[in-house]
Amino acid sequence: MLSVKELISRADEITVQEIIGNQTIKILNLMNNGNSYTSKLKKIILDLHSEEKLLTDKKFRDILIDLMRPEEIKTVARILGIYSPRDEIYAVYERVKNLNFRKNSEHYNLLLSVFDVTQNYVSTEQEKEPIVTEVTGNYQLFEHQRIAAARVMAILNSGHERVLLHMPTGSGKTRTTMNIIADYLRMNEKKIVIWLANTEELCEQAASEFEKAWSFLGNREVSVSRLWGSSEIQLNSLHDGLLVAGLPKLISKYRDRNGRSFVGSLAKKVSLIIFDEAHQSVAPVYNEIVSILLDIGESKKLIGLSATPGRSFEDQEADLKLAHFFHKKKVKLEVAGYDNPVDYLTDAGYLAQVTFKPLIYENEKPLLTEKDKAELKGVLEYPKQILSKLAEDEKRNLLIINEAIRLASNHKRIILFAPSVNCSNIISFILESQGIHSRSLTGETDNQTRKKIIEDFKNEDNYPKVLCNYGVLTTGFDAPRTSAAIIGRPTMSLVLYSQMVGRAIRGVNAGGNEFAEIITVIDQDLPGFRSVAEAFENWEVVWND
């Protein structure tokens, strides 16, 4: 029986470098004066990658095959049914490497059996979230939340059909809205409320929170239906309750052959629409779906939710489009005695006392060429090629790594937003090599691993953990113990910046921390933002003129 651990132990320094990548080695050498400690790196490789992952990935698998002794590779070839005594030994190695190890194929399963590795099966029947759950009906609101909810209902009950609820990150938008939905369903039987969100995390958060809210506030049995990911629904099963729908799922169904009919039939079932992260509602592909839901069937109401009721930082025309879509009706969280509700939420302990610190990186040569600068005019976000330049800068990465190490001496949970997938992976590996527990989460992470990493980050372990990520975790991610964030990717979007900051600023009275640190990497020629309070007030002129 072969062992992945045994094969990795045979790897020399060059092979280890091939596994973890040149850039990782370069940064380690910068940190350790040229010493990379091969034996320690081997252990980290095994800690960060499952044996199945090392055998599944062709790059890793080929390296493991090269580490096998001649008699071992012959044995593997015999088990796989491809050995020929006439073959030269080099041909046996190549024959095994060139075999198709498609997941769940016979060759794949035989390879796992050679190494006594158990496949991580994802049971679609056991682990799949139920499409419909039945819930039966104290779910209190703070005074400022009750006032906001009452003002929303007052607008909708006075003849207006649309309103946007503007509450800062951490102030309880979801909880406040669940009270509004519960009030509506209690007063209106046999009605369907649809909750729209663009990520599966936001969808699951909404469905779970409604189940909790209705169990306290409900007056009858209703259904919670799920339409995102692999979940499907039958429209004739929708009679009374909440439907949580992922926008990507709706768009996919809309583009099917009978998509218009499906969305049109759904519109006839719905009487109240909730749009989470409503600054996205005027994006063309989303706006088309929402318009159909609004226009077909009975007259219905639309409530938008957002901590950042604008599409951009400087493009007022785009922001006006959002304001006009909601008929310039916006309920802003207000607290007597405070000019800005963020100050109140901090004083009252619902938000942490945040220290914003810039981490200045001065490039040895200009980051942007004249061509880059010309291309940036008129765009709403930095293109990937700019982010890639930052991600490949080893000294910039080292600056971020050292800051993460510093934060780990004062914080138990730190979230790091990297400028690329590879950068997130590299920084996580380096931190692990320095004795700091770290994992990387990106859009390339499979669902099972993603769930495991998030659960690990959110558990009660009393030692520092750094969660590196790219392109995920800006919304729908709730880890109250997080007390520090490193914004290692630049953004022109005040919306995105606010969402990243919001992952780390929950206060003590909201299950979080008294203090928080937000570190924003500032690159030459690239702008940064200062605070959540600044973001909250940014779009007032657009809605009030």
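Residues numbered from 1 in each chain as written. Predicted model: local features only at pLDDT ≥ 70, side-chain atom pairs only at ≥ 80, totals over all residues. Heavy atoms only, no water.

As recorded in an unreviewed UniProt entry, the protein goes by the name DEAD/DEAH box helicase, listed as coming from Lysinibacillus antri.

Trainee: Looking at this model, I keep getting lost on the overall build of the protein. Mind explaining?
Mentor: Along the backbone of the protein there are 25 helices and 14 strands. Over its C-alpha atoms the protein spans a radius of gyration of 26 Å, differing by no more than 12% from the 24 Å that the globule rule assigns to 545 residues. The distance from the centre of the 68 positive side-chain charges to the centre of the 73 negative ones in the protein is 3 Å. (Helix = DSSP H or I, 4+ residues; strand = E, 2+ residues; numbered from the N terminus. Rg over C-alpha atoms; globule rule 2.2 N^0.38 Å. Lys, Arg positive; Asp, Glu negative; His and termini not counted. Charge placed at Lys NZ, Arg CZ, Asp CG, Glu CD.)

Trainee: Is there a simple way to explain helix 8 (residues 89–97) in this structure?
Mentor: Because an α-helix completes one turn every 3.6 residues, residues spaced three or four positions apart along the sequence face the same direction. Of all the positions in helix 8, only V92, Y93, V96 and K97 are classed as buried. Buried residues along helix 8 cover an arc of 135° about the axis, so they all sit on one side. On its buried face, helix 8 is in contact with helix 6 (58–66) and helix 7 (70–80). (Buried < 20%, exposed > 50% of the residue type's maximum accessible area, 1.4 Å probe, protein only. Arc of directions from axis to C-beta. Contact = heavy atoms within 4.5 Å.)

Trainee: It is not clear to me how the pattern of salt bridges should be interpreted in this structure. Could you clarify?
Mentor: When their charged atoms lie close together, side chains carrying opposite charge are able to pair. Applying the stated criterion across every chain yields a total of 28 salt bridges. Here E72 makes a salt bridge to R69, at a shortest N to O gap of 3.9 Å. R69 gets classed as partly exposed once you look at its relative accessible area, which sits at 47%. With its nearest N and O atoms 3.1 Å apart, the salt bridge here joins K465 to D456. A relative accessible area of 1% means that K465 is categorised as buried. (Salt bridge = Lys/Arg side-chain N within 4 Å of Asp/Glu carboxyl O.)

Trainee: When you look at the domain arrangement of the protein in this model, what are you seeing that I'm missing?
Mentor: Accessible area lost on assembly of the parts is the figure often given for the size of an interface. Split by domain assignment, the protein resolves into domain 1 (4–115), domain 2 (143–332) and domain 3 (350–537). Between the C-alpha centres of domain 1 and domain 3 the distance comes to 32 Å. On the side of domain 3, 18 residues touch domain 1, which itself brings 15 residues to the contact. Both faces considered, domain 1 and domain 3 share a buried interface measuring about 1,400 Å² in area, 72% of it formed by carbon and sulfur atoms. (Domains from an automatic or database assignment. Buried area = accessible area lost by both parts, 1.4 Å probe.)

Trainee: I tried to follow the layout of surface pockets on my own but got confused; where do I start?
Mentor: Which parts of space are left empty comes out when a probe the size of a water molecule is rolled across the atoms. Taken as a whole, the second largest pocket spans an internal volume of roughly 910 Å³. For the second largest pocket, the lining is made up of 39 residues, of which G170, G172, K173, T174 and R506 are closest to its centre. For the lining of the second largest pocket, the elements supplying multiple residues, two or more each, are helix 10 (143–156), helix 11 (173–187), helix 12 (200–217) and helix 23 (494–502). By residue class, the composition of the lining of the second largest pocket is 14 nonpolar, 16 polar and nine charged. (1 Å grid on protein atoms, 1.4 Å probe; cavity = no way out; pocket = protein on both sides within 12 Å on 5 of 7 lines; lining within 4 Å. Points joined across faces, edges and corners; volume = space filled by probe spheres on them. Nonpolar A, V, L, I, M, F, W, Y, C, P; charged D, E, K, R; others polar.)

Trainee: Would you take a moment to explain unusual backbone geometry for this structure?
Mentor: With the exception of glycine, most residues fall at negative phi, and the peptide bonds are largely trans. Although it is not a glycine, N104 sits at a positive phi angle of roughly 75°. By the secondary structure assignment, N104 is in the loop between helix 8 and helix 9 (106–114). Accessibility expressed as a relative area gives 47% for N104, which makes it partly exposed. The phi torsion at H327 lies on the positive side, around 55°, for a residue other than glycine. Position of H327 among the secondary structure elements: in the loop between helix 16 (316–325) and strand 8 (330–332). Here H327 falls in the partly exposed class, since its relative accessible area comes to 43%.

Trainee: Please clarify how the nonpolar core should be interpreted in this entry.
Mentor: One recurring pattern in soluble globular proteins: nonpolar side chains tend to sit buried together. Among the nonpolar cores identified, the biggest contains 65 residues, and I181, W195, F210 and I303 are the most heavily contacted of them. Looking at this core element by element, the count peaks at eight residues for helix 12. A domain-level breakdown of this core finds at least three residues from each of domain 2 (143–332) and domain 3 (350–537). When residues no more than four places from it in sequence are discounted, the contact partners of I303 are V152, L156, V163, I180, L272, I273, I274, F275 and F326. I44, L64, I65 and F115 belong to the second-largest nonpolar core, a separate cluster that totals 62 residues. (Core = buried A, V, L, I, M, F, W, Y, C linked by side-chain atoms within 4.5 Å.)

Trainee: Teacher, can you tell me more about the pairing of strand 5 (residues 241–246) here?
Mentor: Across a regular strand the side chains alternate sides, sitting on one face of the sheet and then on the other. Among the six residues of strand 5, six are classified as buried, and the element is accordingly described as predominantly covered. With six bridges connecting them, strand 3 (residues 192–197) and strand 5 associate as parallel partners. In the strand pairing of strand 5, W195 is matched with V244. Summarising the sheet, strand 4 (residues 222–227) and strand 5 pair through five bridges and their orientation is parallel. If you follow V224 over to strand 5, its bridge partner there is L242. (Pairing = 2+ DSSP bridges.)

Trainee: Before we go on, may I ask you to explain the packing of helix 20 (residues 394–407) against helix 21 (residues 421–433) in this structure?
Mentor: Packed helix pairs are specified by the crossing angle of their axes together with the interaxial distance, meaning the distance between the axes. Closest axis-to-axis distance for the helix 20/helix 21 pair is 10 Å, and the angle between their directions is 50°. Looking at the two axes, helix 20 sits oblique to helix 21. Both helix 20 and helix 21 take part in a crossing whose hand is right-handed. Here N397, I400, I401, A404 and I405 of helix 20 come into contact with helix 21, specifically with C423, I427, I430 and L431. For the contact of helix 20 with helix 21, the per-class residue count stands at eight nonpolar, one polar and no charged. (Axes fitted to C-alpha atoms, helices over the stretch in contact; angles between N-to-C directions. Parallel < 35°, antiparallel > 145°, perpendicular 65-115°, else oblique. Left-handed = near helix turned anticlockwise from the far one by under 90°.)

Trainee: So what exactly am I meant to see when it comes to the sheet that holds strand 12 (residues 465–470) here?
Mentor: Hydrogen bonds along the backbone pair up the strands of a sheet, which may run parallel or antiparallel. The strand order across the open sheet formed by six strands is 9-14-13-10-12-11, and the pairing between neighbours is parallel. Here the strands that pair on one side only, and so sit at the sheet edges, are strand 9 (353–361) and strand 11 (437–442). On average, adjacent strands in this sheet sit at an angle of 15° to one another, irrespective of strand direction. One ladder, built from six bridges, connects strand 11 with strand 12; its direction is parallel. Residue pairing in the sheet places H437 in a bridge with K465 of strand 12. Contacting strand 10 (413–417), strand 11 and strand 12, helix 21 runs over the sheet at an angle of about 170° to strand 11.

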